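Analysis of the macromolecular model
Each chain, written out:
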Amino acid sequence: MSKIYPIDRIRQDFPILRREVNGNPLIYLDNGATTQKPQTVIDAISGYYTGINSNIHRGVHHLSQLATDAYEVSRAKIRQFIGAAHNHEIIMTSGTTGGINLVAHSYGNEFVHKGDEILISEMEHHSNIVPWQLLCAAKGAKLRVIPMDERGVLDMEAYQLMLNKKTKLVAITYVSNSLGTVNPVRGVISKAHAMGVPVLLDAAQAVHHIALNVQELDVDFLVFSGHKMYGPTGVGVLYGKENWLNAMPPYQGGGDMIKQVTFEKTTFNELPFKFEAGTPNIEAGICLGSAIDYIESIGLDAIAAYENDLMDYATERLLAIDGLRIIGTAPEKSGVISFLLGDLHPYDVGVICDQLGVAVRTGHHCTQPVMDKFGIPGTVRASFAMYNTREDVEALVAALQKASQMLQ
Ligand SMILES: Cc1ncc(COP(=O)(O)O)c(C=O)c1O
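Below or above, wherever it landed, is the structure these notes cover. (Residues numbered from 1 in each chain as written. Predicted model: local features only at pLDDT ≥ 70, side-chain atom pairs only at ≥ 80, totals over all residues. Heavy atoms only, no water.)

Thoughts on the packing of helix α3 (residues 62–82) against helix α10 (residues 282–298)
Helix packing for two helices is described by the angle between their axes and how far apart those axes are. For the pair α3 and α10, the least separation of the axes is 8 Å and the interaxial angle reads 45°. Judged by the inter-axis angle, α3 sits oblique to α10. The hand of the α3/α10 crossing is left-handed. From α3, A67, A70, Y71, S74, K77, I78, Q80 and F81 reach across to α10, where they touch I282, G285, I286, L288, G289, I292, D293, I295 and E296. By residue class, the composition of the contact of α3 with α10 is 10 nonpolar, 4 polar and 3 charged. (Axes fitted to C-alpha atoms, helices over the stretch in contact; angles between N-to-C directions. Helix = DSSP H or I, 4+ residues; strand = E, 2+ residues; numbered from the N terminus. Parallel < 35°, antiparallel > 145°, perpendicular 65-115°, else oblique. Left-handed = near helix turned anticlockwise from the far one by under 90°. Contact = heavy atoms within 4.5 Å. Nonpolar A, V, L, I, M, F, W, Y, C, P; charged D, E, K, R; others polar.)

Following this line, the structure appears as structure tokens:
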């Protein structure tokens, strides 16, 4: 028999969920933007500053060794969490955006030339569009966009036809942050590999909802952000296969990424340090490990099962509201429901929700091309995390009914 999901304990672990907003209990449904933090992560942040604050990798003194050890323990936890083969394949970045820019610059500089092509999809976050546009402009390469249908499902036939000898990289999101679509990433990767093309997966909306293993996926690069997975802001991860990372030049120059510097010539440090110039966000790097500990104490499979059930419930309850239209109706979705209420502007709906303590996000969600595709200015987006409940969904439904009465 499956274990009962410990929702009450989980909610207790997130202190912010006990606060009020505008005189109402906080109903936090903006998890796609950032998640709340459990007490263990909050304690780890203050524990770092009260106990071991020091710069890493360069000191012989006690605190520096403690901080370095804690940082490297966290890297090992991240490796294990995503099933990578080696700790040195885990590059600490500032976030998903930082990881994509690293690959666009470093891989792009070495492997992308005039006339080459980069494939992305129609549902990408701006973070997975603009770095490739900059690269293509600099190199005279071409950015091509894999289409999706009106449900937000990737067109795999079009994708297959777009892959060709000029394709140098496929960069695609695992889960769409504005539609919730879960992409068929295994098929995406195997088709690309059949043509000898590497794949970068943007797992910002996936890594805390779906258990994944980079070796099993055989993905070449994977990026995500700490703050979207119950960890601190300012830290993220680039996983890269060892052979790619070794073949790529450094991205930024500075301390830590060098072996030997003279004015004539510099040699570079080994992985992962080659890609980690300067003092990183040490506290965030360490405490991302605490977030992983917390996720693993519940279990990602249990979290996924619970969240998927909640998504089904929320979809059904939202569709029962007069005039509500869901944007993004792919058969497989995770974490996100985007919608419009009649012809009300998403912003107005969001403001009424906020007055009732319900935090949703409104706007284009950094996916303007998705909004253009659907011919809408934006959506209201409810996005879920491990601590949300059916009561949260009911509070959202009540807020939307109120918005409907007040605004229509
Ligand atoms: C799919 C996706 N990619 C990339 C990003 C950018 O993440 P960050 O701002 O943490 O770098 C986000 C953030 O919302 C996202 O949802």
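Next, the rest of the story.
Quick look at the side chain of T367
Within the element layout of this structure, T367 appears in the loop between β16 (361–363) and α13 (368–374). Contacts of T367, omitting those with residues within four sequence positions, involve M123, E124, H125, H126, N177 and S178.

Re helix α2 (residues 39–52)
Its 14 residues give α2 an end-to-end C-alpha distance of 19 Å, which sits within 8% of 20 Å, the value for a rise of 1.5 Å per residue. For α2, every residue scored as buried is listed here: V41, A44, Y48 and I52. (Expected span 1.5 Å × (residues − 1). Buried < 20%, exposed > 50% of the residue type's maximum accessible area, 1.4 Å probe, protein only.)

Looking at the environment of D293
With respect to the secondary-structure elements, D293 resides in helix α10. Residue classification places D293 among the partly exposed positions, given a relative accessible area of 36%.

Some details on the sheet that holds strand β10 (residues 236–240)
An order of β4-β10-β9-β8-β7-β5-β6 is seen for the 7 strands of this open sheet, with the pairing classed as mixed. This sheet does not close on itself; its edge strands, each paired only once, are β4 (90–93) and β6 (142–146). Neighbouring strand axes in the sheet, compared pairwise and without regard to direction, differ in orientation by 20° on average. Strand direction decides the pairing type here: strand β7 (residues 167–173) and strand β8 (residues 199–202), joined by 4 bridges, are parallel. Residue pairing across strands places I172 opposite L201, the latter belonging to β8. (Pairing = 2+ DSSP bridges.)

A closer look at the site of the ligand
Near the ligand you find 13 residues, and of these T97, D202, Q205, S225 and K228 are the closest. Here H125 contributes a side-chain N or O atom positioned 3.4 Å from an oxygen atom of the ligand. Residue Q205 places a side-chain N or O atom 2.7 Å away from an oxygen atom belonging to the ligand. Burial of the ligand by the protein amounts to 85% of the accessible area it has alone, namely 400 Å². More than half of the atoms belonging to the ligand lie within 2 Å of the grid points that define the second largest pocket. Grouping the constituent residues of the shell around the ligand by class yields 1 nonpolar, 10 polar and 2 charged. (Near = heavy atom within 4 Å. Polar contact = N/O pair within 3.5 Å; in protein donor to acceptor, adjacent residues only side chain to side chain. Areas by Shrake-Rupley, 256 points an atom, 1.4 Å probe, with all protein chains shown as cover. 1 Å grid on protein atoms, 1.4 Å probe; cavity = no way out; pocket = protein on both sides within 12 Å on 5 of 7 lines; lining within 4 Å. Sits in = over half its atoms within 2 Å of the grid points.)

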